[in-house]
Amino acid sequence: MSGGEPAAEVLEPVSAAVPEAPARTADTEAVEDAAVLDRATHRRVRRRSRALLYSLLRPWRWQVVVAMAALILENVAQLIGPLLIAQAIDHGIPRAVAGDSGRLMWCVAGFTGCGVLAAAARFGFFRLSGAIGQSLLLDLRTRIFQHARRLPVAFHESYTSGKVISRLTSDIDAVRDLVEGSLDGLLTSLLTVAGITVLLLWLDLPLALIVLVSIVPLVMMTRWFRERSQRAYRRARNTVADIITQFGETMNAVRAVQAFRAERRKHAAMNDLNEVFRDAHTEALGVVARYTAGVRLAGNIALALVLALGCWRVNEGALPLGVLTAFVLYLRRFYDPLDELATFTNLYAAASAALEKISGFLATPSSVPEPEAPKPLPADRPGRGRLVFRAVDFRYAADGPVVLHRLDLTIPAGQTVAVVGATGAGKSTIGKLAARFYDPSSGQVLLDGVDLREIADADLRRELTLVTQENFLFTGTIAENIALARPGASRAEVRAAAEAIGADAFISGLPDGYDTEVRKRGNRLSAGQRQMVALTRAFLADPTVLLLDEATSSLDIPTELTVQRALGALLADRTAVIIAHRLSTVLAADRVLVLEHGRVVEDGSPRELAVAGGPFGLLYARWSASLGEDADPDRPGAAPGAR
Ligand SMILES: Nc1ncnc2c1ncn2[C@@H]1O[C@H](COP(=O)(O)OP(=O)(O)OP(=O)(O)O)[C@@H](O)[C@H]1O
Ligand SMILES: [Mg+2]
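The structure presented is a predicted model; accordingly, all values stated were derived computationally and were not measured. (Residues numbered from 1 in each chain as written. Chains lettered and ligands numbered in written order. Predicted model: local features only at pLDDT ≥ 70, side-chain atom pairs only at ≥ 80, totals over all residues. Heavy atoms only, no water.)

**Student:** So what's going on with the overall build of the protein chain? Residues and values would help.
**Tutor:** Within the protein chain one finds 23 helices and 10 strands. Buried residues in the protein chain amount to 45% of all 643 residues. Relative to all contacts within the protein chain whose residues are 6 or more apart in sequence, the contacts with residues 24 or more apart total 75%. For the protein chain, the accessible surface area stands at approximately 33000 Å², while carbon and sulfur atoms represent 60% of it. (Helix = DSSP H or I, 4+ residues; strand = E, 2+ residues; numbered from the N terminus. Buried < 20%, exposed > 50% of the residue type's maximum accessible area, 1.4 Å probe, protein only. Contact = heavy atoms within 4.5 Å. Areas by Shrake-Rupley, 256 points an atom, 1.4 Å probe, with all protein chains shown as cover.)

So, in structure tokens, the structure goes:
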């Protein structure tokens, strides 16, 4: 019997159902990406957007107050107009006909004065609100960019760059449309509606009641409209992010797309997204169409009723004609702003959907937060560069597979460790943990006895450099790209670093030498050349701990020999973890770790392990066989190019 379940099981404690401040996870993200949000999420998201808006406006609060004052002044000046017209019709004109035109003159002068005042106030308001709006947008853009820059690698590995870009471009645009286009419309509308309501009630109660009754359907329509358009815009926001992601991916990977003839498929995916986007916007505009038409209709019906009742009352002598004129004039101004309110609500819906997304992005906490009270690493500590993994377990996602199992590893200062293992064994993960791109799920990573979580970011970056295969070069010259490691390094220092690595020869051979722009057409560097630049950069950085993740894999054999020699210099006084596929690099190390499925299965000097008959011995035998010679483990660099 399904109805007989105990109530206690159904009623969960409220606190469990509605968590106060749920942690942001991939799940929250998915929840917020839904077009229809549940109540609790909606409330949380709205509170967050509002807090963001408030923090953006705070520095401008005085300007906001002055702008509002100007706006109120303008509206009051505007509202006085019809009253003066009523005066003129009911008193000024009859007296002027009788020969005394003084009253009429005053009315005309007052009307003109109000017009001038309204214009001046409007000018003031626009100047101020323009300045506030633009500064606010600048602030918002800066915040998004700074936040994106500060978020850890872990974040960027899960949040696509397309999403970040859409936060910075199209979401900001939606907010801009609101700030630039219609904020004044909204405020004017609200003030006008409020002011006119008071005036109507004062002018004639029975007529005013008709108008007030007509507001009821208007309010209902507005609520319906807000909900529906918000939903459509939320969908549009999500789609924009997907479109930018698709577009960015296709453009960035244009070689792969063309090489695999994936243009068609990419095209189809893009088309689908564009259609979803079109549909979302069409839906939003359809909602606008129904709403504005409804508002107009309600307004016109009310106006007709007011005119009918008003004329009858004027006929009866219960209402002066001037007052009816003023009433109708006010009424026109009463419904017009409502129309504008629709435009505004529409822009507001788009902007607030965008603001929801932006505030969500800005609220993403760092998964590797900077310590609040960082521990300094003493500069003159003896034997600096001791790297320790203590009982480290690691998984990339809370519900993901375990990638490293209870890794215990002590690398004494100055030691060079080569990490080898099959693909997916967890080699790069060790590098990422040492560089603190991620924190271990449990256990600790320590540098000179200090947990990485307690070291200030700047200190850690200075002590430790990770060079990967993705040797990214930034727009700028080669010298600038190398000097990135140490801003302010002189040309001589840059050159010395390049000479030490053996990159000087090829750089000097480029059209503009060290001043060659690397991203200019025709100056693209080869993969190997980029790697040389990256190694030079690391050399110049002069870190205590160097992590190389397959950093020599794109070099040709002669170049690798050069680098092999340079690596000797590069690794001389520092701790190094080298993730390598080449035997030459491995044999030059002090120690080899063999990793299998996230566990260290062998640990020892390459010479010992080569003959120990374990996994490394097997690997070594295969390497040697593939070279067709008896490689001598005592001769470092004996098997260049072995893979
Ligand atoms: N960003 C990530 N998110 C989730 N899982 C990841 C991520 N990076 C790697 N993994 C997973 O972690 C495991 C170890 O990956 P890792 O990159 O450390 O391997 P690797 O030993 O460096 O392999 P390769 O020799 O191919 O570079 C793999 O199973 C991989 O699928
Ligand atoms: Mg790897």
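**Student:** Please set out unusual backbone geometry residue by residue, giving values where relevant.
**Tutor:** Positive phi, normally seen in glycine, also occurs at Arg436, with a value near 55 degrees. With respect to the secondary-structure elements, Arg436 resides in the loop between α14 (427–434) and β4 (442–447). The backbone of Asp448 sits at a positive phi, close to 50 degrees, despite the residue not being glycine. Counting through the fold element by element, Asp448 comes out in the loop between β4 and β5 (450–451). With relative accessibility at 18%, the residue Asp448 sits in the buried group.

**Student:** Talk me through the sheet that holds strand β2 (residues 402–411); I want residue IDs and the actual numbers.
**Tutor:** The strand order β2-β1-β4-β5 describes an open sheet built from 4 strands, whose pairing is antiparallel. Where the open sheet ends on each side, the last strands, each with one partner, are β2 and β5. Note: β4 against β5, 2 bridges, orientation antiparallel. What sits directly across from Leu446, in β5, is Asp451. (Pairing = 2+ DSSP bridges.)

**Student:** Tell me what's going on with the layout of surface pockets, and back it up with residues and numbers.
**Tutor:** One number sums up the size of the second largest pocket: a volume of about 1200 Å³. Along its surface, the second largest pocket is lined by 42 residues, and Leu53, Leu178, Phe344, Tyr348 and Ser352 are the ones closest to its centre. Within the residue set of the lining of the second largest pocket, elements represented by two or more residues are α4 (39–57), α5 (61–97), α6 (102–150), α8 (161–181), α9 (183–203), α10 (205–252) and α13 (321–362). Of the residues forming the lining of the second largest pocket, the biggest block, 8 residues, is contributed by α6. For the lining of the second largest pocket, the class distribution of residues is 22 nonpolar, 8 polar and 12 charged. (1 Å grid on protein atoms, 1.4 Å probe; cavity = no way out; pocket = protein on both sides within 12 Å on 5 of 7 lines; lining within 4 Å. Points joined across faces, edges and corners; volume = space filled by probe spheres on them. Nonpolar A, V, L, I, M, F, W, Y, C, P; charged D, E, K, R; others polar.)

**Student:** Would you mind going over a nonpolar patch on the surface in detail, with residue names and values included?
**Tutor:** Taken together, the side chains of Leu201, Leu205, Leu209 and Leu212 make up a nonpolar region of the molecular surface, amounting to roughly 320 Å² of accessible area. The greatest single-element share of the nonpolar patch, amounting to 3 residues, is contributed by α10. Here Leu209 is to be found in helix α10. (Patch = residues over 30% accessible without salt bridge, like charges linked within 9 Å, V, L, I, M, F, W, Y side chains within 5 Å. Salt bridge = Lys/Arg side-chain N within 4 Å of Asp/Glu carboxyl O.)

**Student:** Describe the site of ligand 1, naming the residues involved and giving the relevant values.
**Tutor:** Around ligand 1 there are 15 residues in total, and Glu157, Thr423, Lys427, Ser428 and Thr429 lie nearest to it. Note that an oxygen atom of ligand 1 is positioned 2.4 Å from one of the side-chain N or O atoms of Thr423. The side chain of Lys427 places a nitrogen or oxygen atom 2.7 Å from an oxygen atom of ligand 1. No other element matches the 4 residues that α14 contributes to the shell around ligand 1. Residues of the shell around ligand 1, tallied by class, amount to 5 nonpolar, 6 polar and 4 charged. (Near = heavy atom within 4 Å. Polar contact = N/O pair within 3.5 Å; in protein donor to acceptor, adjacent residues only side chain to side chain.)

**Student:** Provide a residue-level description of helix α12 (residues 263–316), including the pertinent values.
**Tutor:** In a regular helix each residue adds 1.5 Å, so 54 residues correspond to 80 Å; α12 covers 78 Å between its end C-alpha atoms and thus fits that length. Gly317 sits one or two positions beyond α12 and adopts a positive phi of about 85 degrees. (Expected span 1.5 Å × (residues − 1).)

**Student:** Can you lay out the pairing of β4 for me, pointing to particular residues and giving the numbers?
**Tutor:** Pairing between strand β1 (residues 387–395) and β4: 5 bridges, direction antiparallel. Bridge assignment links Asp393 to a residue of β4, and that residue is Ser442. Linking two consecutive strands that pair antiparallel, namely β4 and β5, is a turn of 2 residues; a positive phi of about 50 degrees is found at Asp448 within it.

**Student:** Provide a residue-level description of the packing of helix α19 (residues 527–541) against helix α20 (residues 557–571), including the pertinent values.
**Tutor:** Interaxial distance between α19 and α20 falls to 12 Å at its minimum, and their mutual angle equals 10 degrees. In terms of their interaxial angle, α19 and α20 are classed as roughly parallel. On α20, the residues that touch Met532, Leu535, Ala538 and Phe539 of α19 are Thr559, Val563, Ala569 and Leu570. A class-by-class count of the residues in the contact of α19 with α20 yields 7 nonpolar, 1 polar and no charged. (Axes fitted to C-alpha atoms, helices over the stretch in contact; angles between N-to-C directions. Parallel < 35°, antiparallel > 145°, perpendicular 65-115°, else oblique.)

**Student:** Go over a positive patch on the surface with me, naming the residues and quoting the values.
**Tutor:** Taken together, the side chains of Arg39, Arg43, Arg46, Arg47, Arg50, Arg223 and Arg226 present a region of like positive charge at the surface. Counting residues per element, the positive patch draws most heavily on α4, at 5 residues. In this fold, Arg50 is placed in helix α4. Residue Arg50 is classed as exposed on the basis of its relative accessible area of 51%. (Lys, Arg positive; Asp, Glu negative; His and termini not counted. Charge placed at Lys NZ, Arg CZ, Asp CG, Glu CD.)

**Student:** Summarise the sheet that holds strand β10 (residues 599–604); cite the residues concerned and give the values.
**Tutor:** The 6 strands lie next to each other as β6-β7-β8-β3-β9-β10, forming an open sheet whose pairing is mixed. Of all the strands in the sheet, the pair left with one neighbour each is β6 (464–467) and β10. Adjacent strand axes in the sheet meet at a mean angle of 15 degrees, parallel and antiparallel pairs treated alike. In this sheet, strand β7 (residues 545–549) lies alongside β6 in parallel orientation, the contact comprising 4 bridges.

**Student:** Explain the nonpolar core to me, using residue names and the numbers behind them.
**Tutor:** Counting 48 residues, the largest nonpolar core has Ile478, Phe506, Ile507, Leu525, Leu546, Val586 and Phe616 as the members making the most contacts within it. Of all the elements, α19 adds the most residues to this core, at 6 residues. When near neighbours in sequence (up to four residues on either side) are disregarded, Leu525 contacts Leu473, Ile478, Phe506, Leu510, Val518, Arg530 and Val533. Core analysis: the next-biggest nonpolar cluster, separate from the first, contains 32 residues, Val392, Ile411, Val445 and Leu593 among them. (Core = buried A, V, L, I, M, F, W, Y, C linked by side-chain atoms within 4.5 Å.)

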